[in-house]
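Summary of structural features
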Amino acid sequence: MLNILREKKNVKLIMFFIAIIIIPAFVLWGVGSILRSKSKDSLAGVVFSAKISKQDFVDQYHAVYSQAQILYGENLAKIKNLLNLEGQTWQRITLLEEAKRRKIKISDQEVIDAIQSSSIFYKNNRFDQDTYQTILSYYLGLTPRKYEEQIRDSLKIKNLIQQETKDIQISEQEARLTFQNQNTSYNLGYILIKPSDFTEDIEFAPEELEGFYRDKKELFKKTEQVNIEYLAVIFKDLVGNIVLTEDEIADYFYAHKEDFLTGTAEAGEEMTEEIKEKISQALSASKTRKEAERITWQIEDDIISGLSIKETAEKNSLILKETGFFSPWDPIPGIGWSYAITQDAFSLNPGETSNAIETKDGFYLIQVKDKKAPYLPEFEEIKQQVEAALGEEKSRQLAKNRADQILSEILALEKSGSDIQEYLTANGLLLQETGLIKKDSYIKGVGNASDIFFQIKTATPDVFYPKPIESQAGYLVTKIVQAATIDEAEFEKDKNIIIEQLLLEKKNQHLQDWLNRLIERAGIEVYFSIEQ
């Protein structure tokens, strides 16, 4: 089908990908809903009372998988388990059933145009027939006919989404309010009441401590933990083994001489000691990394050949280290913060070994020794932690009570026209000012300004806000000292961009709500899982 497309050679291409909103609710569809009745053995499920055969489900699963391959490439294998592809498949089927109910049709020309916009089939700035066939056959595992039908279905979904969102608009007033929220500057006056000022006033009986532990168990629940063994090839440990010759340094200088010449330097200027030091550092770093790579490749080869991680360490004169248990939110003992190592540590099973992981310090190869599932420690095990948590809760409550009292007294003074500064001085209170800041600023010693302004819905300038504001540092008695108005010229310049952003957000929210309702109406029944 679509022979016209397969004969085209000169087509301008743009990457084509139809993004379908993924609703977390799809995770509930799994093997728990597998069919128990033999009479339904050929069915994958039911959507809008329509029977979905296993073959239809597999076909649509392949379409979802193909989109994921195009989007994530070689990283797909690492994140496949996080994508819930079966859930996305049922979502796709549901949307296609709704498209059928609305009688949405896609012409051959629309399919041609969509495929022509996909840059993955481009070679030398031209649509290439061999590239098209090769990618479909060897990367996606599809025939052109099958791929074209997947694109046709994706266009139906795109058309359906466009129908759902075509009437959504953003007014200039909405854009103005957004611009105002983002760009108005405020001088915030505040009195900070810190919980730490009340810690000495806190007392609690043993039974209160145990009761707090029972009532707030979720606070003390330990997340999943992992213990890993690791081999590290650290760059700085190899620097002493790196030898640089004068010839290497000179060769580098003359090959890159233009990089070292100053604005007044002559073309024949010789290498200074400062330049020589810079070149030595660069070459040393490069050689160190290459040596670290060589050692790391040897380690990986040894493990692939069947050596244990301990035997590999001994063969390569490395020390096999163990971290002890840590959670995803902890620095790794002996290593420090490393998202890449943490991600691999918690994705591997006990006994599994990672590929080489590069960090700023060097290369690591880890093996998971053991894992602990989330659990609640016994009271005695974490008694000090419980004391600290209860103490923090009580100190914050005392700080809030004091803020309430201060604000009540200040508001009474405001009402009577009395001197507020005299009251502050008499009570040892300090009214500080931030100076003009925007809502995305950070207030030193207080926290994020956005957290504060989010709680201040409306405020009269130079009048204290009628309730204390909670911040990262404590409770604030606040007032807006000054508000700088927005620049109208700047708003006019940015207006269209703001409208586009707001429109996208509004459409996405509408689509999420609509899709949730659609799924509920679809009455989906699932009898089959690819994972079986």
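Residues numbered from 1 in each chain as written. Predicted model: local features only at pLDDT ≥ 70, side-chain atom pairs only at ≥ 80, totals over all residues. Heavy atoms only, no water.

Burial of strand β1 (residues 43-47) is extensive: 5 of the 5 residues sit out of reach of the surface. Two elements, β1 and strand β2 (residues 50-53), share 4 bridges in a ladder whose sense is antiparallel. Residue Val 46 lies in a different strand from β2, and its bridge partner there is Lys 51. (Buried < 20%, exposed > 50% of the residue type's maximum accessible area, 1.4 Å probe, protein only. Helix = DSSP H or I, 4+ residues; strand = E, 2+ residues; numbered from the N terminus. Pairing = 2+ DSSP bridges.)

On to the sheet that holds strand β13 (residues 469-470), then. Strand order in the open sheet made by the 4 strands is β10-β5-β14-β13, with antiparallel pairing throughout. Among the strands making up the open sheet, the edge pair consists of β10 (432-437) and β13. Helix α16 (residues 383-416) rests against β5 (185-193), β13 and β14 (475-484) of the sheet, and its axis sits at about 50° to β14. (Contact = heavy atoms within 4.5 Å. Axes fitted to C-alpha atoms, helices over the stretch in contact; angles between N-to-C directions.)

Its boundaries defined by the atoms lining it, the largest pocket holds a volume of some 840 Å³. Around the largest pocket, the lining comprises 28 residues; the ones closest to its centre are Lys 78, Ala 340, Gln 343, Asp 344 and Ser 347. Secondary structure elements with two or more residues in the lining of the largest pocket: α3 (76-83) and α15 (339-347). When residues in the lining of the largest pocket are grouped by element, the largest group, 7 residues, is from α15. In the lining of the largest pocket, the residues fall into 14 nonpolar, 10 polar and 4 charged. Volume-wise, the second largest pocket comes out at about 480 Å³. In terms of lining, the second largest pocket is formed by 21 residues, of which the most central are Gln 60, Leu 96, Lys 100, Asp 153 and Lys 156. Secondary-structure elements contributing two or more residues to the lining of the second largest pocket are β2, α2 (54-72), α4 (85-101) and α7 (144-165). Per-element tally for the lining of the second largest pocket: the top contributor is α4, with 6 residues. For the lining of the second largest pocket, the per-class residue count stands at 7 nonpolar, 2 polar and 12 charged. (1 Å grid on protein atoms, 1.4 Å probe; cavity = no way out; pocket = protein on both sides within 12 Å on 5 of 7 lines; lining within 4 Å. Points joined across faces, edges and corners; volume = space filled by probe spheres on them. Nonpolar A, V, L, I, M, F, W, Y, C, P; charged D, E, K, R; others polar.)

Residues in a regular strand point their side chains to alternate faces of the sheet. The pairing of β5 with β14 spans 9 bridges and is classified as antiparallel. Within β14, the residue paired with Tyr 190 across the bridge is Thr 478. In terms of strand pairing, β13 meets β14 through 2 bridges, oriented antiparallel. Across the sheet, Glu 470 pairs through a bridge with Tyr 475, a residue of β14. Hairpin geometry of β13 and β14 is characterised by an intervening segment of 4 residues between the two adjacent antiparallel strands and by a positive phi of about 155° at Gly 474.

Moving on, we get to the nonpolar core. A general tendency of soluble globular proteins is for nonpolar side chains to be buried together. Core analysis: the largest hydrophobic core is formed by 23 residues, its most contacted members being Val 47, Phe 57, Trp 90, Leu 95, Trp 514 and Ile 524. Listing elements by their share of this core, those giving two or more residues are β1, α4, α7 and α19 (488-522). In terms of nonpolar packing, the next biggest core, distinct from the first, is built from 16 residues, Ile 191, Ile 406, Leu 413 and Tyr 423 among them. (Core = buried A, V, L, I, M, F, W, Y, C linked by side-chain atoms within 4.5 Å.)

Attention now goes to the confidence of the model for the protein. Detail in the predicted coordinates should be disregarded across regions flagged by low pLDDT. Looking at the protein as a whole, the pLDDT averages 86, with 90% of positions reaching at least 70. Scored below 50 in pLDDT, residues 1-39 shows 97 contacts in the model against residues more than four places distant or in partner chains. (pLDDT = per-residue confidence, 0-100.)

Turning our eyes to something else, we now look at the sheet that holds β1. Taking strand neighbours across the sheet as the criterion, the 3 strands line up as β2-β1-β15 in an open arrangement whose pairing is antiparallel. Two strands bound the open sheet, and with one partner strand each, they are β2 and β15 (525-526). Pairing geometry for β1 and β15, over 2 bridges, is antiparallel. Note on β15: the bridge partner recorded for Gly 45 is Val 526. Each of β1, β2 and β15 is contacted by α4, which is oriented at about 50° to β1, the strand it contacts most.

Let us now look at the side chain of Glu 300. In this structure, Glu 300 sits in helix α13 (residues 273-304). If near-sequence neighbours (up to four positions away) are discounted, Glu 300 is found in contact with Asn 355, Ala 356 and Leu 365.

Our next topic: the environment of Ile 303. Position of Ile 303 relative to the elements: it lies in helix α13. Sequence separation of Ile 303 and Asp 451 is 148 residues, and the distance between their C-alpha atoms is 50 Å. When residues no more than four places from it in sequence are discounted, the contact partners of Ile 303 are Thr 312, Thr 353 and Leu 365.

Listed in full, the buried residues belonging to helix α9 (residues 206-215) are Leu 209, Gly 211, Phe 212 and Tyr 213. Looking at the packing, one finds that the buried side of α9 touches α10 (217-220) and α16.

With that settled, consider unusual backbone geometry. Positive phi is not limited to glycine here, since Asn 84 has a value of about 50°. Examined against the element boundaries, Asn 84 turns out to sit in the loop between α3 and α4. On the accessibility criterion, Asn 84 (23% relative accessible area) is partly exposed.

Side chains carrying opposite charge are able to pair once their charged atoms draw close together. Applying the stated rule across the entire model yields 30 salt bridges. The residue Arg 152 makes a salt bridge to Asp 108 at a minimum N-O spacing of 2.8 Å. Pair noted here: Arg 152 is in helix α7 and Asp 108 is in helix α5 (residues 108-116), with a separation of 44 residues, a long-range link. Here Arg 152 falls in the buried class, since its relative accessible area comes to 11%. (Salt bridge = Lys/Arg side-chain N within 4 Å of Asp/Glu carboxyl O.)

With that settled, consider the packing of aromatic side chains. In the structure shown here, the tally under the stated rule is 14 aromatic pairs. Arranged with centres 4.8 Å apart and planes meeting at 90°, the rings of Phe 121 and Tyr 132 form a pair that is edge-to-face. A residue pair is termed long-range when its members are at least 10 positions apart, and Phe 121 in the loop between α5 and β3 (122-123) and Tyr 132 in helix α6 (residues 129-140) qualify at 11 residues. Residue classification places Phe 121 among the buried residues on the basis of a relative accessible area of 0%. Tyr 132 gets classed as buried once you look at its relative accessible area, which sits at 0%. By the ring-pair criterion, three or more aromatic residues cluster together here, those being Phe 212, Tyr 213, Phe 220 and Phe 379. The positively charged end of Arg 101 is found above the aromatic ring belonging to Phe 48, 4.4 Å away from the centroid. The ring of Phe 325 carries the charged tip of Lys 372 above its face, separated from the ring centre by 4.4 Å. (Phe/Tyr/Trp six-rings, centres within 6.5 Å; stacked < 30°, edge-to-face > 60°. Lys NZ or Arg CZ within 6 Å of the ring centre and 35° of its normal.)

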